[in-house]
Amino acid sequence: WRGQEGPPYSTLVPSDEVAINYRHGLPVITLMLPTRSERCQFTVKPVVTTVGAFLQDVQREDKGIERAEVFATDGSKVSDATLMEVLLMNDFKLVINNTAYSVSPPVKDKLSSEHATEMEDIKSLVHRLFVALHIEDHQIRKERELLEKLDHLKEELLPLEQMKARIMDSADAKTSRLLWVGLALMSTQGGALAWLTWWVYSWDIMEPVTYFITYGSAMAFYAYFVLTKQDYIYPHAKDRQFLHYFYHKSKKQYFNVERYNKLKDDLAEAEESLRRLRRPLHLRLPIQEISDKD
């Protein structure tokens, strides 16, 4: 029959048919298998075991079980995805075939603060022992992986480094030529002004000309600042022109600057990891702290 409120079952059995005890901190559920007529114990891990997994274990033990479900005391069905840890916090009904077992889990005593601290100390000690016993093998394996990664990165970088060197030589040569051309133009301008001043015209005529030439140069420097947001300083202007030639040449020769920078960053990171691995005292130190000490 089906009640108006609650799950369908024909028999309600007292809770002593299903016993729950804690052994070594884990709940052990003991129940009577209906077909085999024998008691069976199920040890569950409440943090990882779900209600559905527990019911499947029960059905695997007794093939004659056709129906296994769990209901709350208010009659609502408990989802199979619910963790056993949550289920064991309150009373519930375990329905096997047409029989419902009323279950009242025992209250698990909470660990005292001293006991909990002791357990944490034991876990920390076990972790340190594990690390001490396996750190050498881990370091050797990790070092081998890093060395293989370094060889692979260097192999990829070799043709890019050669192409970059050629492009840099070309860009540097063009920049140097531009600087010499600028010097030649300034010398020519100075010579032309001197010739016009002393041999063709007088200083009275050439003075306004030189004034406007100076004013035009100031306007050119100001335009450079407006366009680049930088002062016209000769080393900075030279570097800017060098980068212009470099990227222009890289685009023509299909040199992937972003990929090259990514490989260089990966190489530097792998070398830093290998350096830290070979210096065990630095394994747990932040990179910034290591850099400050070095």
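Report follows, based on the coordinates. Please read all numbers here as calculations on a predicted model, not as lab measurements.

**Some remarks on the pattern of salt bridges**
Once their charged atoms are close, side chains differing in charge can pair, the charge on each being opposite to the other. By the definition in use, this model includes seven salt bridges. In this structure, arginine 60 engages aspartate 57 in a salt bridge whose closest nitrogen and oxygen atoms are separated by 2.1 Å. Pair noted here: arginine 60 and aspartate 57 are both in helix α1 (residues 51–61), with a separation of three residues, about one helical turn.

**Observations concerning the nonpolar core**
Residues Leu31, Phe54, Val70, Phe92 and Leu94 are the most contacted members of the largest nonpolar core, which totals 24 residues. Sorting the residues of this core by element identifies β2 (18–23), β3 (26–33), β4 (38–43), α1, β5 (68–72), α2 (84–87), β6 (92–96) and β7 (99–103) as the ones contributing at least two each. When residues in this core are grouped by element, the largest group, four residues, is from α1. Core analysis: the next-biggest nonpolar cluster, separate from the first, contains 18 residues, Leu150, Leu160, Leu263 and Leu277 among them.

**Let's talk about helix α6 (residues 257–277)**
An ideal rise of 1.5 Å per residue puts 30 Å on 21 residues; α6 measures up with 30 Å between its terminal C-alpha atoms. Turning to α6, its buried residues are Val257, Tyr260, Leu263, Asp266, Leu267, Ala270, Leu274, Arg276 and Leu277. With a side-chain oxygen lying 3.2 Å from the backbone nitrogen of glutamate 258, the N-terminal cap of α6 falls on asparagine 256.

**Structural notes on a negative patch on the surface**
Taken together, the side chains of Glu145, Glu148, Asp151 and Glu155 make up a negatively charged region of the molecular surface. With respect to the element layout, glutamate 155 can be found in helix α3 (residues 113–200). According to the relative accessible area criterion, glutamate 155 is exposed, its value standing at 60%.

**Comments concerning the sheet that holds β4**
Here we have three strands laid out as an open sheet, ordered β2-β3-β4, and antiparallel in their pairing. In the strand order of this sheet, the two ends are held by β2 and β4, each with one partner. Taking the axes of each pair of neighbouring strands and ignoring which way they run, one obtains an average angle of 25° across the sheet. As judged from the six bridges shared by β3 and β4, these two strands associate in the antiparallel manner.

**Considering the environment of leucine 147**
Take leucine 147: it is sitting in helix α3. For leucine 147 and glutamate 271, which are 124 residues apart along the polypeptide, the C-alpha to C-alpha distance reads 8.8 Å. With sequence-adjacent residues up to four places away left out, leucine 147 is seen in contact with Leu274 and Arg278.

**Quick look at the packing of aromatic side chains**
In this structure the tally under the stated criterion is seven aromatic pairs. With a centroid separation of 6.0 Å and 85° between ring planes, the pair formed by phenylalanine 42 and phenylalanine 54 is classed as edge-to-face. Here the residue phenylalanine 42 occupies a position in strand β4, and phenylalanine 54 occupies one in helix α1, the gap between them amounting to twelve residues. On the accessibility criterion, phenylalanine 54 (3% relative accessible area) is buried. Taking 5.3 Å as the distance between ring centres and 75° as the angle between the ring planes, the aromatic pair formed by tyrosine 211 and phenylalanine 212 counts as edge-to-face. A relative accessible area of 57% means that phenylalanine 212 is categorised as exposed. Pairwise contacts between aromatic rings join Phe242, Phe246, Tyr247, Phe255 and Tyr260 into one cluster.

Cut-offs applied
- For every chain, the first residue of the written sequence is number 1, and numbering continues from 1 along that sequence.
- For this predicted model, a pLDDT threshold of at least 70 governs which residues receive local features, and a threshold of 80 or more governs which side-chain atom pairs are given and counted, while totals over whole chains, interfaces and linings are taken from all residues.
- Side-chain metrics rest on all non-hydrogen atoms present in the structure, leaving aside hydrogens and water.
- When a carboxyl oxygen of Asp or Glu lies within 4 Å of a side-chain nitrogen of Lys or Arg, that pair is called a salt bridge.
- Elements are defined by DSSP. Helices are runs of H or I of four residues or more, strands are runs of E of two residues or more, and each kind is numbered from the N terminus.
- The nonpolar core is taken to be a set of buried Ala, Val, Leu, Ile, Met, Phe, Trp, Tyr and Cys residues, with the residues joined through side-chain atoms within 4.5 Å.
- Buried means the residue's accessible area, taken with a 1.4 Å probe over protein chains only, is under 20% of the maximum for its type, while exposed means over 50%, and partly exposed covers the values in between.
- A helix is expected to span 1.5 Å for every residue after the first.
- Whenever a nitrogen or oxygen atom comes within 3.5 Å of another N or O atom, the pair is scored as a polar contact, on the condition that within protein one atom can donate a hydrogen and the other can accept it, and that pairs from neighbouring residues in sequence are kept only if both atoms are in side chains.
- By definition, no residue in a patch forms a salt bridge, and every one has over 30% relative accessible area; like charges are joined within 9 Å, nonpolar side chains (Val, Leu, Ile, Met, Phe, Trp, Tyr) within 5 Å.
- Note that accessible areas follow from Shrake-Rupley with a 1.4 Å probe, and for residues the cover is restricted to the protein chains shown.
- Counted as positive: Lys and Arg. Counted as negative: Asp and Glu, with His and the chain ends omitted from the count.
- Where a charge lies is defined by one atom per residue type, namely NZ (Lys), CZ (Arg), CG (Asp) and CD (Glu).
- Here a strand pair is declared whenever DSSP counts at least two bridges between the two strands.
- Where helices are involved, their axes are fitted lines through C-alpha atoms of the stretch in contact, as for all axes, and angles between N-to-C directions lie from 0 to 180°.
- Contacts: residue pairs with any heavy atoms within 4.5 Å of one another.
- In this analysis, rings of Phe, Tyr and Trp, with Trp reduced to its six-membered ring, are considered paired at centre separations within 6.5 Å, and the interplanar angle assigns stacked below 30 degrees, edge-to-face beyond 60, and tilted for intermediate values.

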